[in-house]
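Now for the letters of each chain:
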Protein chains: 2
Amino acid sequence: MKLLNDTIAKIGKPNAEVELAALERLRNQARPAGSLGVMEPLSARLAGIAGKIDVRLNRKIIVTCAGDHGVVEEGVSLFPQEVTSQMVYNFVNGGASVSVLARHAGAEVRVADIGVNFDFEPDLPVFHKKVRKGTDNFTKGPAMSRDEAVASIEAGISIVKELVAENRPDMIGTGDMGIGNTTPSTAIIAAFSGLLAADLTGRGTGIDDDGLKLKIKAIEKGIELNQPDPSDAIDVLAKVGGLEIGALGGLVIGAAAYGIPVVCDGLISTAGALIACELAPAARAYLFASHRSQEVGHLFMHKRMGLDPLIDLAFRLGEGTGAAVAMELLDAATRILADIKTFEEVGIADSN
Amino acid sequence: MKLLNDTIAKIGKPNAEVELAALERLRNQARPAGSLGVMEPLSARLAGIAGKIDVRLNRKIIVTCAGDHGVVEEGVSLFPQEVTSQMVYNFVNGGASVSVLARHAGAEVRVADIGVNFDFEPDLPVFHKKVRKGTDNFTKGPAMSRDEAVASIEAGISIVKELVAENRPDMIGTGDMGIGNTTPSTAIIAAFSGLLAADLTGRGTGIDDDGLKLKIKAIEKGIELNQPDPSDAIDVLAKVGGLEIGALGGLVIGAAAYGIPVVCDGLISTAGALIACELAPAARAYLFASHRSQEVGHLFMHKRMGLDPLIDLAFRLGEGTGAAVAMELLDAATRILADIKTFEEVGIADSN
C-alpha cells in the first residue's frame, strides 16, 4: 500500500501555460480556426504534459497485462482459459493483433503476467509480476483479497518504474489479455455506476444469447453477493475485478506520477483506468481514451471519466489494439501542433 | 471527352477471389471473429484491388487540386480569394496542414492548379492543368461550360496517368484548395439528391449565421437558375460545380482505371468522387471514404455512394488532411490482414 500511496502523492499537474500557448498557436495556424477538430485539444494536452510545444513521442510502449478469471466457470466466454497463456506466447513472438498494430504505430509491446493460471519459464521476456494464478469465481465470494488487489495495482506501478529506469517512455499504452475479462470489467462499471448489469453487458469475444444471459447473471450475482463499495475502488477491484485490471490501473497511476501520457485501450484497460481515476483523480489529466469498443459498458466508463475516445472502428479485441491505432493519431496530433505554419509564418492574412 | 470515355471503359473489377480469400484469412486469425471491426472488410477490399493478400502501400500520393470560384462574390466564405494561390505556395513549401499530416502518413503531397485565379511561375513544382482562372458566379449563370467541365475531369485523369508514368502509386488520396468551394460542393449534392440547400449547407471555414443564410441563398439561386440535370453528372458539374471538383472526380476515375485504390477527403473531394461515381459506377469499387467532416452535406454524399467513412475527428479543413489520416489506417489494415497469425499458425484452438 505504501508504493501505491507514495505514487498517488507524486502525481502533479500538466503545465497549463504551455497548454494555453499551444491552443494559441493552433488558433494562429494558416487554416480555419478549429478545423482540425478533436486533434487540436489533444495536441495541446500532450504539450501541457510534456511542458513544450514540440512534443516527440519517440518511445511508445504498450503494456499488455494478462490474468485469468475464476468466473469463467460460469460459462461467460467462448474460449477456454488456456488461451490466455497461449496468447502470451503469441505476443512475445510478435504474431498477435497488438504486435502487428503496435509495429505499424512504431510502438513496442511489452507483456506482463499479473495473474495467468500457468507457470511461464522465468526467462520468458515478460514482466513477471504474478500476484496469484487467476482470481476466484466472484459468484461464490470475492475475486481476490484486498491485499492482492493492492498488489496488482502496485505491479502496474512497478512496471512503469522499470520502464522509466530502462529509458523513459514518451507514451504508454495499456492492453489486456485474459479469457473472461469483459465480465469483471463490466462488473466494475456496474458497481461504480449502480446501473443494471443487463444494461451494461456486451458479448465479449462473441457469445450468443444464452451466453449473454449467463454473463449478466454472473455479474448480478457477483455484485449482490459481494456488495462492492463504490466509494472504495480497491474494494470494487478486490470483490469483482481482476488481477490484470488492477495492474492496468497501476500503469495509469504510475504513468501519471512520472508525467507520461497514457492511452487506454478497450473495456478492460478502461476498467483499469477507471479504478486509477477513482483512486487518484489527478491521474485523469494524463489519460487519453483511444477508441470506443463494441462493448456497451465502455461508453459508461468514458462518460464517468469525461473522456472522448478518438476513434470508433468497431473493435472488440483488447490486447492494446485500439491503443496502438490511437497512438498513431496522437503522434500525428503532436505534428499538427508543432509543424503546421501560422498565418504569420507563411505571410497569409488571417480571416479574423 | 475521348480521354474521359476511354478511361471509364478501362475500369475493371477488383479480384473477388482474392477478396474472399482475405476474408477467410481474417476469420482464421488468432482472435475473435470480426473483432477488428471495420478494418477487416477494408483490408479485404484492398487485397481484392491489389490482387494479393500481402498489400504494400509504399507509394502514397495525395493530390491536392486547387481552383477558384466566382460565387465568392456572394459572400459565402470568410477568406478572400487570394488565399487559394497563397495556400498553393504553402503546400509546395510543405508547411500546410496536409503537408504535415501526409508526412506523418508517409505520403507525398502533389499540388495541381486546375483553376486558380493567379498566374503561377511555369517552373513551380505543381501539375499545371489550369482550365480557366476560376469559375463564373453560378448565381448568375452556369459556373462553366460543358467542355470546361469535361476538361477539368480529364485534367484529373491526366494527373493519374503522369503519376503512373513516374512510378505507379499504391494509393492515391484526394484533397482540395479553393476559397468558397464548400458552396459548389453542397450545390452538387443538392442537385443530385433533390434535398433542400437549407438541410445540406454547413459553415465551411466558419461563417456566422448571416453568412450561412447568404450561402444557402446562393445555392438555391444557382440550382433554380441553372436547373442542373441530376441524371447528367457533367451538367451538374458545369452548372454548379468547380474546376478542382471536376479534377477530383477525374482522379477517382483515373485511379479506378489503373486499379489503384483512392481515398477521398472531405466535402469537396467527396463531391468530386460523387461526380466520378455518377459517371462511372464501376469506380466505386476502388474508392474509400476517409472521414466524416463537420459539413452536413458530406453525410448525404457518403449515403448516396454507400460509403462509410473510417474516422470522425470533427475535421472541416480539406486539403487532403482527412485522406492523409485515413491512409495511415488503411496502411494498418493491410498489416492486419497479412501479418496477424492464424490459430493454426500459432497452435491455438479456435473457438468455432
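Criteria and thresholds
- Residues numbered from 1 in each chain as written.
- Chains lettered and ligands numbered in written order.
- Predicted model: local features only at pLDDT ≥ 70, side-chain atom pairs only at ≥ 80, totals over all residues.
- Heavy atoms only, no water.
- Helix = DSSP H or I, 4+ residues; strand = E, 2+ residues; numbered from the N terminus.
- Buried < 20%, exposed > 50% of the residue type's maximum accessible area, 1.4 Å probe, protein only.
- Lys, Arg positive; Asp, Glu negative; His and termini not counted.
- Salt bridge = Lys/Arg side-chain N within 4 Å of Asp/Glu carboxyl O.
- Polar contact = N/O pair within 3.5 Å; in protein donor to acceptor, adjacent residues only side chain to side chain.
- Contact = heavy atoms within 4.5 Å.
- Arc of directions from axis to C-beta.
- Axes fitted to C-alpha atoms, helices over the stretch in contact; angles between N-to-C directions.
- Parallel < 35°, antiparallel > 145°, perpendicular 65-115°, else oblique.
- Left-handed = near helix turned anticlockwise from the far one by under 90°.
- Nonpolar A, V, L, I, M, F, W, Y, C, P; charged D, E, K, R; others polar.
- Phe/Tyr/Trp six-rings, centres within 6.5 Å; stacked < 30°, edge-to-face > 60°.
- Lys NZ or Arg CZ within 6 Å of the ring centre and 35° of its normal.
- Disulfide = S-S within 2.5 Å.
- Buried area = accessible area lost by both parts, 1.4 Å probe.
- Least-squares fit on C-alpha atoms with pLDDT ≥ 70 in both.
- Domains from an automatic or database assignment.
- Pairing = 2+ DSSP bridges.

Chemist: A description of the side chain of Glu 154 of chain A should follow, citing residues and the corresponding values.
Modeler: All names here are of chain A. Structurally, the position occupied by Glu 154 is in helix 6 (residues 146–166). Salt bridges are absent for the buried Glu 154, whose nearest opposite-charge side chain, Lys 2, sits at 9.1 Å. Engagement of the side chain of Glu 154 in a polar contact is seen with the backbone nitrogen of Leu 3, the distance being 3.3 Å. There is a polar contact of 2.9 Å between the side chain of Glu 154 and the backbone nitrogen of Leu 4. Apart from the residues lying within four places of it in its own chain, the contact partners of Glu 154 are Met 1, Lys 2, Leu 3 and Leu 4.

Chemist: Mind laying out unusual backbone geometry, listing which residues take part and the relevant values?
Modeler: Residues and elements named next belong to chain A. Notably, Gln 227 is not glycine yet its phi reads approximately 45 degrees, a positive angle. Looking at where Gln 227 falls in the secondary structure, it is placed in the loop between helix 9 (209–226) and helix 10 (233–240). The residue Ala 314 is not glycine, and still its phi comes out positive at about 60 degrees. Judged by its relative accessible area of 18%, Ala 314 is buried.

Chemist: Give me the lowdown on helix 13 (residues 296–305) of chain A, citing residues and values where you can.
Modeler: Taken residue by residue, helix 13 of chain A has Gly 297, His 298, Met 301, His 302 and Met 305 of chain A as its buried positions. In an axial view of helix 13 of chain A, the angular spread of the buried residues amounts to 140 degrees, which keeps them on one side of the axis.

Chemist: Explain the environment of Leu 214 of chain B to me, and be specific about the residues and the numbers.
Modeler: Residue and element names in this part refer to chain B. Of note, Leu 214 is situated in helix 9 (residues 209–226). By relative accessible area, which is 41% here, Leu 214 ends up partly exposed. The spatial distance from the C-alpha of Leu 214 to the C-alpha of Ser 77 is 9.7 Å, given a sequence separation of 137 residues. Beyond its immediate sequence surroundings of up to four residues, Leu 214 is in contact with Glu 74, Gly 75 and Val 76.

Chemist: Describe the packing of helix 1 (residues 2–10) of chain A against helix 11 (residues 243–257) of chain A, listing the residues and the values that go with them.
Modeler: All names here are of chain A. It is the contact of helix 1 with helix 11, at a shortest axis distance of 8 Å, that shows an interaxial angle of 45 degrees. Considering the angle they form, helix 1 stands oblique to helix 11. Our pair here, helix 1 against helix 11, has a crossing hand that is left-handed. Contacts between helix 1 and helix 11 involve Leu 4, Thr 7, Ile 8 and Lys 10 from the first element and Ile 253, Gly 254 and Ala 257 from the second. Across the contact of helix 1 with helix 11, the residue classes break down as four nonpolar, two polar and one charged.

Chemist: For the packing of aromatic side chains, give the residues involved together with the corresponding values.
Modeler: Residue and element names in this part refer to chain A. Applying the stated criterion across every chain, the model contains eight aromatic pairs over all chains. Cluster of aromatic residues (ring-pair linked, three or more members): Tyr 89, Phe 118 and Phe 120. When the ring centre of Phe 288 is taken as reference, the NZ or CZ atom of Arg 45 above it lies at 4.0 Å.

Chemist: Talk me through the state of the cysteines; I want residue IDs and the actual numbers.
Modeler: Per the counting criterion, the structure on display carries zero disulfides over all chains. As a non-bridged cysteine, Cys 264 of chain A has Cys 277 of chain A as the owner of its nearest cysteine sulfur, 8.2 Å distant.

Chemist: Explain the interface of chain B and chain A to me, and be specific about the residues and the numbers.
Modeler: At the junction of the two partners, chain B supplies 48 residues and chain A supplies 48 residues. Three residues, His 104, Leu 313 and Ile 348 of chain B, lead the burial of chain B against chain A; their summed loss comes to 13% of the area buried on that side. For the interface between chain B and chain A, the tally reads zero salt bridges. At the junction of chain B and chain A, the tally comes to 12 residue pairs in polar contact (both at pLDDT 80 or more). Broken down by secondary-structure element, the contributors of at least two residues to the side of chain B that touches chain A are helix 4 (82–92), helix 5 (97–105), helix 14 (321–339) and helix 15 (343–346) of chain B. Of all the elements, helix 14 of chain B adds the most residues to the side of chain B that touches chain A, at nine residues. Residue composition of the side of chain B that touches chain A, grouped by class: 27 nonpolar, 12 polar and nine charged.

Chemist: Describe in detail the relation of the copies chain B and chain A, supporting the description with residues and values.
Modeler: Both copies of the chain are related through a single rotation about an axis accompanied by a shift along the same axis. When chain B is fitted to chain A, the best match, at an RMSD of 0.0 Å, comes from turning it 180 degrees and sliding it 0.0 Å along the axis. Such a turn and shift between the copies fits a two-fold axis. Within chain B, Ile 311 of chain B has its C-alpha nearest the rotation axis, a separation of 3.1 Å.

Chemist: Got a sec to walk through helix 5 (residues 97–105) of chain A? Specific residues and values, please.
Modeler: Most of helix 5 of chain A is tucked away, with seven of its nine residues classed as buried. Among all positions of helix 5 of chain A, only Ser 97, Val 98, Ser 99, Val 100, Leu 101, Ala 102 and Ala 105 of chain A are buried. Where helix 5 of chain A is buried, its residues touch strand 1 (60–67), helix 4 (82–92), strand 2 (107–115) and helix 14 (321–339) of chain A together with helix 14 of chain B. Just downstream of helix 5 of chain A lies Gly 106 of chain A, where phi reads positive at about 70 degrees.

Chemist: Account for the domain arrangement of chain A, naming residues and giving values.
Modeler: How big an interface is tends to be reported as the loss of accessible area on association of its parts. Residue and element names in this part refer to chain A. Here chain A is partitioned into domain 1 (2–55 + 336–346) and domain 2 (60–332). Relative to domain 2, the C-alpha centre of domain 1 lies at a distance of 28 Å. Domain 1 puts 17 residues into the contact, and the matching count from domain 2 is 27 residues. Across the contact surface, domain 1 and domain 2 share zero salt bridges. Counting residues per element, the side of domain 1 that touches domain 2 draws most heavily on helix 1, at six residues.

Chemist: Tell me what's going on with the pairing of strand 1 (residues 60–67) of chain B, and back it up with residues and numbers.
Modeler: Residue and element names in this part refer to chain B. Within strand 1, eight of the eight residues are buried, leaving the element largely enclosed by the surrounding structure. Here strand 1 shows no split at all, with Lys 60, Ile 62, Thr 64 and Ala 66 on one side and Ile 61, Val 63, Cys 65 and Gly 67 on the other all buried. Pairing of strand 1 with strand 2 (residues 107–115), which is carried by eight bridges, proceeds in the parallel orientation. The partner of Val 63 across the bridge, within strand 2, is Arg 110. One ladder, built from seven bridges, connects strand 1 with strand 4 (residues 171–177); its direction is parallel. Note on strand 4: the bridge partner recorded for Thr 64 is Gly 175.

Chemist: So what about the pattern of salt bridges? Which residues, and what values?
Modeler: Scanning the model with the defined rule gives 40 salt bridges over all chains in all. The residue Lys 130 of chain A makes a salt bridge to Asp 113 of chain A at a minimum N-O spacing of 2.7 Å. Taken together, the positions of Lys 130 of chain A in the loop between strand 3 (127–128) and helix 6 and Asp 113 of chain A in strand 2 put the pair 17 residues apart, joining distant regions of the chain. Relative accessible area serves as the criterion here: at 4%, Asp 113 of chain A is assigned to the buried category. Among the ionic pairs, Asp 6 of chain B bridges to Lys 2 of chain B, the shortest N-O distance being 2.5 Å. Remark: Lys 2 of chain B and Asp 6 of chain B occur in helix 1 (residues 2–10); sequence separation between them is four residues, near one turn of the helix. The partly exposed category is assigned to Asp 6 of chain B, whose relative accessible area is 37%. Judged by relative accessible area, Lys 2 of chain B falls into the exposed class, the value being 60%. Shared partners join several salt bridges into a network, and the residues in it are Asp 54, Arg 56, Arg 335 and Asp 339 of chain A.

Chemist: Quick one: what's the story with the sheet that holds strand 3 (residues 127–128) of chain B, residue by residue and with numbers?
Modeler: Residue and element names in this part refer to chain B. Taking strand neighbours across the sheet as the criterion, the six strands line up as 3-2-1-4-5-6 in an open arrangement whose pairing is parallel. One side of each edge strand has no neighbouring strand; the edge strands of this open sheet are strand 3 and strand 6 (287–289). Here strand 2 runs beside strand 3; their pairing, made up of two bridges, is parallel. Bridge pairing in strand 3 places Asp 113 opposite His 128. Strands in contact with helix 6 (residues 146–166) are strand 1, strand 2, strand 3 and strand 4; relative to strand 2, the strand with the most contacts, it is inclined by about 145 degrees.

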